[in-house]
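Each chain, letter by letter, is given below.
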Amino acid sequence: MLAQAGVGTPVKGPGRFPGPFRFNGRVLELSLEKAFSGFRLSVALSVAEGETLALLGPSGSGKSTLLRLVAGLLRPDRGFVRFLGEDLTPLPPERRKVGFLFQDYALFPHLTVEENVAFGLVEARWPREAREGRVRELLKRMELTPHARKRPQELSGGEQQRVALARALAPRPRLLLLDEPLGALDLRLREELLFFLRRTLKEEGVTTLLVTHDQGEAFLLAHRVALLREGRLVQVGRPEEVYARPKDPWAARFLGHKNLLSPGESQALGLPPKAHLLPPRALALGGSLEGVVEERLFFGPRVGLWVRVGGVRLYLEAPEGPEEGAPIALRLDPAQAVPLEG
Ligand SMILES: Nc1ncnc2c1ncn2[C@@H]1O[C@H](COP(=O)(O)OP(=O)(O)OP(=O)(O)O)[C@@H](O)[C@H]1O
């Protein structure tokens, strides 16, 4: 599905990615409420120019609903979407100058790859030369040049997805909305496209709202992550911040942390009697905590170890580690333990 941008000046990117983000002022501001039976979304957010913000949350948390409200495919019960101060709320999708890529990224089957990519440019009446140049540039960047004359059904899933991305980006939309852009692909293609997507977002520098349920994807692609649960924002911040300091046990678990200690477990390990998170850097091999390896998971470059220390099960990863059943000594740095709310 595609609703596309008009002709615009190239949006300048942040220059560095995904490193420290230069704050350029908020270009997208939204405050939106929408209720369905049994579900209520209420979110306020702003996004800076050239920023990629990932909406991260489990299935049913409202990520797609939020994106559809921003695209204009759904009407909010209350609230607004503003872009550079302009109120987009009353505008239909095609007048929002937004590029989007949804899960059902259907390409036009009767058009070739280059015609698919050029589609929005023709609609926006780009002059022929500019159009051809832009299509060439995108096909090259996406490594699609050899496929320019093929039709979508002659392409692999990953290639089709790259065409869909090129098509969404072609008219230089001022805002790009991506709903699970890697969602329908198998693991290998996901990794391949992740690389293209990361490089493309960096080079195009387009302000982007990206929906994903995969924290790794959000961390790799986004300057900031907005964690959504049951229609509400739990936490918004840079990937490093959100990962290092999840707001509560739910956020910690959702972000992939394994060592979540109850107050009793914290106490048993010499920490204050409240819930704690032990991030990976809090635990290392060698030290005075004695335990037994319960499970050893071989990942190739590293091993994962589930270790029982007294009544507490702890997880750590290391380049290598003893076999299951073997004794092991761990070091816990209490200064790295993160107290959790709730
Ligand atoms: N058009 C609709 N009518 C009624 N309920 C809806 C509609 N669209 C979404 N919902 C409900 O709103 C909630 C949020 O759905 P949404 O698709 O936004 O979640 P999501 O976080 O994108 O999930 P997923 O990762 O599974 O796509 C769900 O409970 C869903 O059933």
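What this report covers is the structure whose coordinates are included nearby. Everything numeric here is computed off the predicted structure, so don't read it as measured data. (Residues numbered from 1 in each chain as written. Predicted model: local features only at pLDDT ≥ 70, side-chain atom pairs only at ≥ 80, totals over all residues. Heavy atoms only, no water.)

## Remarks on the overall build of the protein chain
Heads up, the condition is: Labels follow the DSSP assignment, with helices taken as runs of H or I lasting at least four residues and strands as runs of E lasting at least two, numbered in each case from the N terminus. Residue contacts are defined here by distance: any two heavy atoms, one from each residue, within 4.5 Å place the two residues in contact. Method for areas: the Shrake-Rupley scheme with a 1.4 Å probe, in which residue coverage is limited to the protein chains shown. Lys and Arg are tallied as positive, Asp and Glu as negative. Neither His nor the chain termini are counted. We put the charge of a Lys on NZ, of an Arg on CZ, of an Asp on CG and of a Glu on CD.
Within the protein chain one finds nine helices and 17 strands. Along the three orthogonal principal directions, the C-alpha set of the protein chain runs to about 70 × 45 × 40 Å. If you take every contact in the protein chain between residues at least 6 apart in sequence, the share linking residues at least 24 apart comes to 66%. Within the structure as shown, the protein chain displays about 16000 Å² of accessible surface, and the carbon and sulfur contribution to it stands at 51%. Taken together, the 48 basic and 41 acidic charged side chains of the protein chain have centroids lying 5 Å from each other.

## Regarding the packing of helix α3 (residues 128-141) against helix α5 (residues 187-204)
Rules: Axes, fitted as lines to C-alpha atoms, cover a helix only where it is in contact. Angles between the N-to-C directions of the axes lie from 0 to 180 degrees. Note on terminology: angles under 35 degrees are roughly parallel, angles over 145 are roughly antiparallel, angles of 65 to 115 are roughly perpendicular, and the others are oblique. Note on residue classes: Ala, Val, Leu, Ile, Met, Phe, Trp, Tyr, Cys and Pro are nonpolar, Asp, Glu, Lys and Arg are charged, and everything else, Gly too, is polar.
Where α3 meets α5, the closest approach of the two axes is 11 Å, and the angle between their N-to-C directions is 140 degrees. Judged by the inter-axis angle, α3 sits oblique to α5. Residue-level contacts link Arg134, Glu137, Leu138 and Arg141 of α3 to Phe196, Arg199, Thr200, Glu203 and Glu204 of α5. The residue inventory of the contact of α3 with α5, partitioned by class, reads two nonpolar, one polar and six charged.

## Notes on α3
Rules: To estimate how far a helix should reach, multiply one less than its number of residues by 1.5 Å. For every residue, the accessible area (1.4 Å probe, protein chains only) is compared with the maximum for its type, and the residue is labelled buried under 20%, exposed over 50%, or partly exposed between those bounds. Regarding the arc, it is the one traced by the directions from the helix axis to the C-beta atoms.
In this model, α3 (14 residues) spans 20 Å end to end at C-alpha, consistent with the 20 Å of a helix rising 1.5 Å per residue. Of the positions making up α3, those classed as buried are Arg134, Val135, Leu138, Leu139 and Arg141. The buried residues of α3 occupy an angular sector of 165 degrees when the element is viewed end-on, so they sit on one face. Away from its buried face, by an angle of more than 90 degrees, α3 presents the exposed residues Arg128, Glu129, Arg136 and Lys140.

## Structural notes on the packing of aromatic side chains
Counted only if it meets this: Aromatic contacts are taken between Phe, Tyr and Trp rings whose centres are within 6.5 Å, Trp giving its six-membered ring; a plane angle under 30 degrees counts as stacked, one over 60 as edge-to-face, and the others as tilted.
Applying the stated rule across the entire model yields seven aromatic pairs. Relative to Phe102, the ring of Phe100 lies with its centre 5.0 Å away and its plane at 50 degrees, an arrangement referred to as tilted. On the basis of relative accessible area, Phe102 is assigned to the buried category, the value being 2%. Seen in terms of ring centroids, Phe195 and Phe196 are 5.5 Å apart; in terms of plane orientation they differ by 70 degrees. Their pairing is edge-to-face.

## Some details on the pairing of strand β2 (residues 39-48)
Along any regular strand the residues' side chains alternate between the sheet's two faces. To be explicit about the condition: Two strands qualify as a pair provided DSSP detects at least 2 bridges between them.
Alignment of strand β1 (residues 26-36) against β2, held across ten bridges, turns out to be antiparallel. Bridging from a neighbouring strand, Phe36 pairs with Phe39 of β2.

## Considerations on the sheet that holds strand β5 (residues 86-87)
The four strands lie next to each other as β2-β1-β4-β5, forming an open sheet whose pairing is antiparallel. Single-partner strands in this sheet number two, and they are β2 and β5. Here strand β4 (residues 78-83) runs beside β5; their pairing, made up of two bridges, is antiparallel. Paired with Phe83 across the bridge in β5 is Glu86. Of the strands in this sheet, β1, β2 and β4 are in contact with helix α1 (residues 63-71), which crosses β1 at around 120 degrees.

## A few points about the side chain of Thr65
Structurally, Thr65 can be placed in helix α1. Residue class for Thr65 comes out buried when judged on its relative accessible area of 14%. The contact partners of Thr65, leaving out residues within four places of it in the chain, are Lys34, Phe36, Leu41 and Leu74.

## Concerning the environment of Arg40
Tracing the backbone shows Arg40 in strand β2. For Arg40, a relative accessible area of 42% gives the class partly exposed. Considered as a pair, Arg40 and Gly62 are 22 residues apart in the sequence and their alpha carbons are 8.4 Å apart. In this structure, Arg40 is in contact with Glu33, Lys34, Ala35, Arg78, Glu230, Gly231 and Arg232, ignoring residues within four places of it in sequence.

## A word on the site of the ligand
Our working rule: Put simply, a residue is near a molecule or strand once any heavy atom of it comes within 4 Å of that molecule or strand. N or O atoms closer than or at 3.5 Å make up a polar contact, with two conditions inside protein: a donor-capable atom paired with an acceptor-capable one, and, for residues adjacent in sequence, both atoms drawn from side chains.
The ligand sits among Phe36, Phe39, Pro58, Ser59, Gly60, Ser61, Gly62, Lys63, Ser64 and Thr65. Within the contact set of the ligand, an oxygen atom lies 2.8 Å away from a side-chain nitrogen or oxygen of Lys63. A distance of 2.8 Å is found between an oxygen atom of the ligand and a side-chain nitrogen or oxygen belonging to Ser64. Against a free-state accessible area of 640 Å², the protein chains account for coverage of 57% of the ligand. A per-element tally of the shell around the ligand places α1 first, with three residues. When the residues that make up the shell around the ligand are grouped by side-chain class, the tally is three nonpolar, six polar and one charged.

It is worth stressing that arrangement in space is one thing and function is another; only the former is reported here.
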